[in-house]
Every structure is written in C-alpha cells, then in structure tokens.
Amino acid sequence: MSRRRTLGPKKKLALLLSAATVAGGGAFFMATTSNAAQTPSVKAAGDSTVCQGLATALGNNQKFIEGQRAAPDAQSEARIANREAVIEEIKRKQEASGCTVGESAQGSQAGGQPAAPSQPAPGEQAGGGDAAQNPGGDGAAAVGEQVCNGSTVTLSGEPGAPAASSNQFPAGTKLKVTNLDNNKSTTVEVTSTSGSCVLLNDAAFEQVREPGRFLIRRAVIEKVG
C-alpha cells in the first residue's frame, strides 16, 4: 500500500513565502524596466536646433553678466539681477523642451568680431555712457545695406515690446530681420548690447520664428535706420 506524503503547516508556509518572493521580484524587475523605458532622453545642443537656440540665448546672457562683473558701475547689480531672472526662464524652457538644463553656448558671429562692453538690457537704466558704438565693422554700414552676414539669430529671453540687442550697432539703430525658412520679417530697434551681431527679445523673435524652434539659421539682416 502506497502512502501519500503530506506537507506540514510549516513547510507549506515556507513554500508560499518563497513563491511570493519570486513573484514580487519579477514584478519589481518588470516595473523597473518599464520605468526605464519611459524615461525621456535629454537632448544636447548639438542634437536639436531648439536646444541649440536656447543654449545660445543662455550663453549670451551669461556673457553679459560676466561683462558687468568685470567692469561694474552703479547699475550693474540691478542689470545682473535682471539677466539672472532671464536665465532662469531660459532654463525652464530647456526643461520643457527636453534639453539639457543649464547647457550654455555662445552665439555664432561671422568674422569673429569681438563683443563690445556690456550694456543694459531693455528696461534697465543706462549708466556710464551710451550703448556700444564699435567703429567700423557692420556698425558703420549705410542704411539699406545687408549686415551680420553668416550670423544665426536667436532670442535673449527678455520680455517687453519687440526689440533687439547688438554688439555692432548703437542704441536707436533699426534692423530688419528676415527668416528665410518661412519668409517672415520684423523690424526692430536696437536698445542694448549683447554678445551677438543681433539678438532678438522674445516678442520680436515670436514674429519671425518657426513653431518649436529657438534658432534662425538662415537669416537676412538689413540696416534700415
């Protein structure tokens, strides 16, 4: 006569615990794998025109702050605070666009012309002189001439009415910027200095940008006033 072997309560409990542990481990592995698959990739400036434009805007504002700290005047502290707020806004845009937050790059400038001393942004009080007036270069161009050849155009992240900043043209100069990729144009007045031949504030850039892009690679810039 054969005997049926039965498991005691302790052995049954041990087997149940072991099975639960294996199942739980599998579930944890699947959840971890699923979460890893859903983690969005972060793009660098070289991977996206959006990220490149934001990195350039960030770099231009950082360059302005460096200039203010290197040669401060009575208004430098207020200007720096203004630009730091702009930088934080650009970082929020980088995060929303899936870019590397805080990545910085200097804007391209044809001919490698040096930037003029930093000057106040729109809404910042001027102190110690007018906006940069570089002798020669594009700043000496006649009205109607095409300028800033080869330069890309991006945004400064600054609020306010449409305006531009430049390291080539004095405050009051009027520039027409045309985006050749969508044939949109805007005419703006230079109100301050930046590290680029022309840098548009948010309102001006919105008038010529392509949806989802923060950099104009093919632009025609004319001095119109």
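Notes on the structure in this doc start here. (Residues numbered from 1 in each chain as written. Predicted model: local features only at pLDDT ≥ 70, side-chain atom pairs only at ≥ 80, totals over all residues. Heavy atoms only, no water.)

**Thoughts on the sheet that holds strand 4 (residues 174–179)**
Alright, step 1. With mixed pairing, the 6 strands of this open sheet are ordered in space as 1-8-4-5-3-6. Strand pairing shows two members of the sheet lacking a second neighbour, strand 1 (146–147) and strand 6 (199–200), which therefore form its edges.
Alright, step 2. Relative to strand 8 (residues 219–223), strand 1 runs antiparallel, the two sharing 2 bridges. Within strand 8, the position partnered with V147 by the bridge is I221. (Pairing = 2+ DSSP bridges. Helix = DSSP H or I, 4+ residues; strand = E, 2+ residues; numbered from the N terminus.)

**Details of the packing of helix 2 (residues 49–70) against helix 3 (residues 76–96)**
Alright, step 1. Look at helix 2 against helix 3: their axes get within 9 Å of each other, and the N-to-C directions meet at 165 degrees. Considering the angle they form, helix 2 stands roughly antiparallel to helix 3. Viewed along their axes, helix 2 and helix 3 form a crossing whose handedness is left-handed. Residues L54, A55, A57, L58, N61, Q62, F64, I65, Q68 and R69 of helix 2 form the contact with helix 3, whose participating residues are S76, R79, I80, R83, E84, V86, I87, I90, K93 and Q94.
Alright, step 2. A per-class count over the contact of helix 2 with helix 3 returns 10 nonpolar, 5 polar and 5 charged. (Axes fitted to C-alpha atoms, helices over the stretch in contact; angles between N-to-C directions. Parallel < 35°, antiparallel > 145°, perpendicular 65-115°, else oblique. Left-handed = near helix turned anticlockwise from the far one by under 90°. Contact = heavy atoms within 4.5 Å. Nonpolar A, V, L, I, M, F, W, Y, C, P; charged D, E, K, R; others polar.)

**Considering the packing of aromatic side chains**
Alright, step 1. Under the counting rule described, the total for this entry stands at 0 aromatic pairs.
Alright, step 2. Of note, R209 hangs over the ring of F214, and the distance from its end group to the ring centre comes to 4.5 Å. (Phe/Tyr/Trp six-rings, centres within 6.5 Å; stacked < 30°, edge-to-face > 60°. Lys NZ or Arg CZ within 6 Å of the ring centre and 35° of its normal.)

**Details of the pairing of strand 4**
Alright, step 1. With 6 bridges connecting them, strand 4 and strand 5 (residues 184–192) associate as antiparallel partners. When the bridges of strand 5 are listed, V177 appears paired with T186.
Alright, step 2. Between strand 4 and strand 5, which follow one another and run antiparallel, lie 4 residues, and N183 among them has a positive phi close to 60 degrees.
Alright, step 3. Across 5 bridges, strand 4 lies against strand 8 in antiparallel orientation. From the neighbouring strand, K176 faces strand 8, where its bridge partner is E222.

All we've got here are geometric facts, nothing functional implied.
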